[in-house]
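# Observations on the model geometry
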Amino acid sequence: MNFPWKRNLYVLWIGVFFCSMAYSMVIPFMSLFIAHDLGVKDNLTVWSGFAFGITFLAGALIAPFWGSLSDKYGRKPMLLRSGFSLCVVYILTSFVQDPYQLIAVRILSGLLAGYVPSAIALVATNTPEKHVGYSLGIMSTAGAAGGIIGPMIGGFLSKYIGYRESFIAAGAVVLLSALIAWFFVKEENFDRNRERSHVLDDLKQAASNSPFMRQLIIALIVTSSVMVLEPLLSLYVLDLGASKSDASFSSGIIFSAVGISTVIAAPIWGKIGQKIGYRNTLIIGLVGGGVGNFLQIFVHNLVGFGVLRFVYGLFFAAVFPALNALIVKVTEPEFRGRAFSLNQSASQLGNMVGPMSGGALAGWISIPFVFILNGLLLVITAITLRLKFGQSSRGSSKREKSTSSLS
């Protein structure tokens, strides 16, 4: 029997794969594009961080609005809107002539994007309850798989045909994501006649759910920790000895290392999470990611750095699937689509804070020291989560004992 939710899962996995591949074909090399094609020499790390971060600020502000519209008109229209819009934005980026035009296009990208969160929301709201965790785990590998292929293709294209042409190629790839959603996705469990939710009401409902708010805060912190290094890795590759002509290709391979380890480890962490709990899995992933960042400062060659990035990815692969599973556990099914929209806002804020912080920090301190600060952030988050979890567990035990004595 062919279940519609399974078809949506497989189809949207392919769509997210192409969308993530298009993103990772060009975004990791944004710093090199700014330096080489736009001719920016002064404050390069600041410009790079701002170009990364401004997109996500726009995305964070607009995401609740798109989530509200998706409740009224469905998630599939949001997939089509974002897919076709991103295609145009990538092509426009290939024509920018100065960093100010680039910033304008990056703002437009943030305002119009949303394919991946719309896909996750559609899967979460159109999948039977008992299969939601499994489906979201599968979806998490789509972005990682696209992140493997994209940097390698982008590094090759930028080296042999140029950065501008790579943006056009990325536009063609994301167009495939939109066409896939248009022809093959079927949305169910959707009532077009229901009243559209208001963003303020969604925020109030979210604020009343303390466990959900904790997940949003962790999502913001974790995403910041990932993105703080995004505009710096390509520059760090140059510091490690890569030539300017090979910098984009070498960076692409190192970016792909994390994606490869994520695809390998994510299904394993999913099984571990079912046995020991997703909160414990999240803590292990945070600690492993933090330690992995610390170790990277001791390696001063490209091969060793790539190997450590791979090992870091093996642990960090536990984080985002565990977060998604926890969001499913602490929210009601009828609120879940909006919950993932708010989670996207939190992630987008992290995507904004991270690159801007990384670019600013690299202007004041060395890039290896940014690795140290990043590792500390992850470890402190894990310790705080563990202490909070321990307090909650002790509180539950006391309540159980009190109830037992009364009875």
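Refer to the structure above for everything that follows.
Residues numbered from 1 in each chain as written. Predicted model: local features only at pLDDT ≥ 70, side-chain atom pairs only at ≥ 80, totals over all residues. Heavy atoms only, no water.

Each helix and strand counted, the chain has 17 helices and zero strands in total. Within the chain, the fraction of its 407 residues that count as buried is 56%. Considering only contacts within the chain whose residues lie at least 6 apart along the sequence, 86% involve residues at least 24 apart. Of the roughly 17700 Å² that the chain leaves accessible, carbon and sulfur atoms contribute 67%. (Helix = DSSP H or I, 4+ residues; strand = E, 2+ residues; numbered from the N terminus. Buried < 20%, exposed > 50% of the residue type's maximum accessible area, 1.4 Å probe, protein only. Contact = heavy atoms within 4.5 Å. Areas by Shrake-Rupley, 256 points an atom, 1.4 Å probe, with all protein chains shown as cover.)

This part is about helix 5 (residues 99-112). Over its 14 residues, helix 5 runs 20 Å from end to end, which matches the ideal 20 Å to within 8%, given 1.5 Å per residue. Taken residue by residue, helix 5 has P99, L102, I103, V105, R106, S109 and G110 as its buried positions. Each buried residue of helix 5 lies within a common arc of 165 degrees when the element is viewed along its axis, so the set occupies one face. Against helix 2 (30-36), helix 3 (44-73) and helix 4 (75-93) lie the buried residues of helix 5. With a side-chain oxygen positioned 2.9 Å from the backbone nitrogen of Y100, the residue opening helix 5 is D98. Taken from the residues just after helix 5, G114 is the one with a positive phi, measuring 140 degrees. (Expected span 1.5 Å × (residues − 1). Arc of directions from axis to C-beta. Polar contact = N/O pair within 3.5 Å; in protein donor to acceptor, adjacent residues only side chain to side chain.)

Quick look at the pattern of salt bridges now. Here the structure, examined in full by the defined rule, presents one salt bridge. Among the salt bridges present, the one from R164 reaches D37, with a minimum N-O distance of 3.6 Å. In this pair, R164 sits in helix 8 (residues 163-184) while D37 sits in the loop between helix 2 and helix 3, placing the two residues 127 residues apart along the sequence. Residue classification places R164 among the buried residues on the basis of a relative accessible area of 18%. (Salt bridge = Lys/Arg side-chain N within 4 Å of Asp/Glu carboxyl O.)

Two aromatic rings are characterised by how far apart their centres lie and by the angle between their planes. With the rule as written, the count across this model stands at 13 aromatic pairs. Both rings, one in F33 and one in Y163, keep their centres 6.4 Å apart while their planes meet at 65 degrees; by these two values the pair is edge-to-face. One end of the pair, F33, is in helix 2; the other, Y163, is in helix 8, with 130 residues separating them in the sequence. A relative accessible area of 1% places F33 in the buried class. Taking relative accessible area as the criterion, Y163 reaches 10% and is therefore assigned buried. Between F84 and W182, the ring centres sit 6.0 Å apart and the planes meet at 85 degrees, which makes this aromatic pair edge-to-face. Of this pair, F84 sits in helix 4 while W182 sits in helix 8, and the two are 98 residues apart along the sequence. A relative accessible area of 30% places F84 in the partly exposed class. Judged by its relative accessible area of 45%, W182 falls in the partly exposed class. Among the aromatic residues, those joined into a cluster by ring pairs are W13, F17 and F18. (Phe/Tyr/Trp six-rings, centres within 6.5 Å; stacked < 30°, edge-to-face > 60°.)

This part is about the environment of L235. Residue placement: L235 occurs in helix 11 (residues 233-239). By relative accessible area, L235 is classed as buried at 13%. Counting along the chain gives 16 residues from L235 to S251, while the straight-line C-alpha distance between them is 8.8 Å. Setting aside chain neighbours within four positions, we find L235 in contact with S31, L44, T45 and I367.

Counting 72 residues, the largest nonpolar core has L12 and M30 as the members making the most contacts within it. In this structure, M30 is in contact with A51, F52, L102, R106 and F167, ignoring residues within four places of it in sequence. (Core = buried A, V, L, I, M, F, W, Y, C linked by side-chain atoms within 4.5 Å.)

This part takes up the packing of helix 1 (residues 4-26) against helix 8. Between helix 1 and helix 8, the least distance of the axes is 8 Å, while the angle of their chain directions is 165 degrees. If you check the angle between helix 1 and helix 8, you find them roughly antiparallel. As helix 1 packs across helix 8, the resulting crossing turns out to be left-handed. Where helix 1 abuts helix 8, its residues R7, N8, V11, I14, G15, F18, C19, M21, A22, M25 and V26 lie against S166, F167, A169, A170, V173, V174, L176, S177, I180 and F184. Looking at the contact of helix 1 with helix 8 residue by residue, the classes come out as 16 nonpolar, four polar and one charged. (Axes fitted to C-alpha atoms, helices over the stretch in contact; angles between N-to-C directions. Parallel < 35°, antiparallel > 145°, perpendicular 65-115°, else oblique. Left-handed = near helix turned anticlockwise from the far one by under 90°. Nonpolar A, V, L, I, M, F, W, Y, C, P; charged D, E, K, R; others polar.)

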